[in-house]
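Chain by chain, the residues:
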There are 2 protein chains.
Amino acid sequence: MAHAPAASDGTAIFEQAEHDHAHCVDQALHVAEAICTREGARLTPLRRQVLELVWRSHEPIGAYDVLARLQREVQTDGTDGRPAAPPTVYRALDFLLKHGLVHRIESLNAYVGCAHPQQDHSGQFLICQECGNAAEIEDDTISKAIRDNARRIGFTVDRVTVEVSGRCPRCTGAPHA
Amino acid sequence: MAHAPAASDGTAIFEQAEHDHAHCVDQALHVAEAICTREGARLTPLRRQVLELVWRSHEPIGAYDVLARLQREVQTDGTDGRPAAPPTVYRALDFLLKHGLVHRIESLNAYVGCAHPQQDHSGQFLICQECGNAAEIEDDTISKAIRDNARRIGFTVDRVTVEVSGRCPRCTGAPHA
DNA sequence: TCAGGTAATGTTATAAAGTAACGCATGACT
DNA sequence: AGTCATGCGTTACTTTATAACATTACCTGA
Ligand SMILES: [Zn+2]
Ligand SMILES: [Zn+2]
Ligand SMILES: [Zn+2]
Ligand SMILES: [Zn+2]
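What comes next is a walk through the structure.

Cut-offs used in this document
Per chain, residue numbering runs from 1 following the sequence as it is written. Each chain is given a letter, starting from A, and each ligand a number, starting from 1, according to the order in which they appear as written. Since the coordinates come from a predicted model, pLDDT governs what is reported: local features require at least 70, and pairs of side-chain atoms require 80 or more to be given and counted, while whole-chain, interface and lining totals use all residues. Computation of side-chain values: all heavy atoms of the structure, hydrogens and water removed. The rule for a residue being near a molecule or strand is that one of its heavy atoms must lie within 4 Å of it. Any pair of nitrogen or oxygen atoms within 3.5 Å is treated as a polar contact; in protein, a donor-acceptor pairing is required on top of that, and neighbouring residues in sequence qualify only through side-chain atoms on both sides. Every helix listed is a DSSP run of H or I at least four residues long, and every strand listed is a run of E at least two residues long, numbered separately from the N terminus. In the scheme used here, Gly and all other residues not listed as nonpolar or charged are polar, with Ala, Val, Leu, Ile, Met, Phe, Trp, Tyr, Cys and Pro taken as nonpolar and Asp, Glu, Lys and Arg as charged. In this analysis a donor is any N, O or S atom within 2.8 Å of a metal ion (3.2 Å for sodium, potassium and calcium), and since water is not included, sites may seem incomplete. Angular criteria define each label, namely tetrahedral for four donors with all angles between 85 and 135 degrees, square planar for four and octahedral for six donors with opposite donors over 155 degrees apart and remaining angles between 65 and 115, and irregular for whatever fails these tests. Any pair of residues with heavy atoms lying within 4.5 Å of one another is described as a contacting pair. Summed over both partners, buried area is the accessible surface (1.4 Å probe) that two parts give up on being assembled. When a carboxyl oxygen of Asp or Glu is within 4 Å of a side-chain nitrogen of Lys or Arg, the pair counts as a salt bridge.

1. Digging into the protein's contact with DNA strand D
- Near DNA strand D there are 17 residues, and of these T44 and R91 of chain A together with Y64, Y90 and R104 of chain B occur at the shortest range.
- Looking at DNA strand D alone, sugar and phosphate atoms form 45% of those within 4 Å of the protein.
- Contact distances for DNA strand D include 3.1 Å between a phosphate oxygen and a side-chain N or O atom of T88 of chain A.
- Between DNA strand D and R104 of chain B, the relevant distance is 2.7 Å, taken from a phosphate oxygen to a side-chain nitrogen or oxygen of the residue.
- Ranked by residues supplied to the surface near DNA strand D, first place goes to helix α4 (residues 86-98) of chain B with 4 residues.
- Of the residues assigned to the surface near DNA strand D, the class counts are 8 nonpolar, 3 polar and 6 charged.

2. Observations concerning the coordination of the zinc ion (ligand 1)
All names here are of chain A.
- Protein coordination of the zinc ion (ligand 1) is provided by H103 (NE2), C114 (SG), H121 (NE2) and E136 (OE), with donor distances spanning 1.9 to 2.2 Å.
- Taken together, the 4 donor atoms surrounding the zinc ion (ligand 1) define angles of 92 to 147 degrees at the centre, an arrangement classified as irregular.
- For the zinc ion (ligand 1), all donor residues lie on one chain, and their spacing in sequence is H-x10-C-x6-H-x14-E. Pair noted here: H103 is in strand β1 (residues 102-105) and C114 is in the loop between β2 (110-113) and β3 (124-128), with a separation of 11 residues, a long-range link.

3. Here's the deal with the interface of chain B and chain A
- Listed by partner, the interface residues are 35 residues for chain B and 35 residues for chain A.
- Carbon and sulfur atoms supply 62% of the area that chain B and chain A bury against each other, a total of about 2900 Å² over both sides.
- Of all residues in chain B, I153, F155 and V164 of chain B bury the most surface against chain A, accounting for 21% of the area lost on that side.
- For the pair chain B and chain A, the interface holds 2 salt bridges.
- Between D139 of chain A and R152 of chain B there is a salt bridge; the shortest N-O distance is 3.3 Å.
- Across the contact surface, chain B and chain A share 14 residue pairs in polar contact (both at pLDDT 80 or more).
- Of all the elements in the fold, those that place two or more residues in the side of chain B that touches chain A are β3 (124-128), α5 (140-153) and β5 (156-167) of chain B.
- Here the element with the most residues in the side of chain B that touches chain A is β5 of chain B; it accounts for 12 residues.
- Considered class by class, the residues forming the side of chain B that touches chain A number 16 nonpolar, 12 polar and 7 charged.

The structure is reproduced here in C-alpha cells:
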C-alpha cells in the first residue's frame, strides 16, 4: 500500500489502498533491469528474486523475512525454494542497496524498494507505526536544509538518513474512504 | 571531542578537540539530576552510572560496550563492577531515552548523551565516519521542513530520525579555522 | 514498624540481525 | 581451453536485543 508507483508528490502516497501492486512490482523490476544494464551490473535471478520479494511486501521487510520467503518460494520451473542462508540474502540486499534499488530503514532494520531509483538520493521515509507502511518522499527543502547545515559546519556529507515515525493519514482516525 | 558542552550553534561543534570532557560529563549528570527531579523520575545509581559511561565515551557507544565498562568499573566504595547482564543496560538506556537524556543512533546501533536535554526534540546528528564522533545539531529549518512535509501529507509525526554520515571538518583535511 | 504494593534490578535463556571465512560453480575474456 | 573474477552455497560465529521470571529495594499507609 505504501509504494506509490509513480507518485513522488506526497499527497497520494498513503492513499492508494487498493492499487494493483503486482503492477508496481513488475514495473520496478523492469526499471531495475534497465538500470543494471546501463550500469553494467548483473541482476542475477537471485538478486532479481530478492528485489521482487522486497517489492511484493507492502511494508519494509527484514532480511530474515526475505530469507524465509525465498526459501518458501516455488520457482517458476516447479522446483522448490532455494536452500538459502543469511549471507545469500544479505549479499543480494547489499547489491540492491549499492545500485539504489532498495533502501534500508535503519530504525526498523528493514528494507524497502526504492520508489524512484533513477535519481541519486538517500531516502526519506514516513513510517506509520500502526499499519507499518513506509512512504518514500524526496523533499528538496529537507535535503537542502541538511546540506546547508553541513556546509556551514564544514561537514562533508556522504549519506543522509531521514526517518519519520508516526501515523499515516489512513491510520490517524480519519475513516478511510 | 564531539559533545560540545553548551554549543548548540553548529560552528563550534567539531572543533573542540581538547576541551575538559570530565567537566561536560559532570555538568550533564547535574542537569540529568535536575531533570529527573523535576519529572519525578528516579535517577538511580545504576542509571546514573550508565549515563556517565555514555557521556564519558567520546563517540556513540554500543549497549554491549556500556555493559563491558559497567562490569569493569570499580565503584567508589571499593567494590568491583556490577554483575550486569544485557537487560540491565538496556533497561537503563530505555529509561535515559525516555527522559531525553541520551539519544540512540539508529545507523550505528549506539547511544550518545543528549547535548541539550532541556528541550523537547528528536536528535539530529552529523556522524564522522573517520573519527567516529557524532555532533548533535538542532536545526529548526530541518525540523520545520520535515514537519511541513508531514503536515501536507496528513502524516502525524511522532519521532524524527536525522542521521548524516560523512566527514567532520577535522577529518576532511581542511585546516580548521 | 511492619505489611503490602510497586518499581528496579538480577538472572537465565533465547531471539533477531549480521558477518567471516572458505570452497565450488559459473560466466567473462583471452 | 585456460584463466581470472564474480556470484553463490555452506558452516560457523558475532553482535544486538528481548522474554520471562526471581529477587530486591523503595515507598506508603495501617
Ligand atoms: Zn529511493
Ligand atoms: Zn498507517
Ligand atoms: Zn539531544
Ligand atoms: Zn572526524
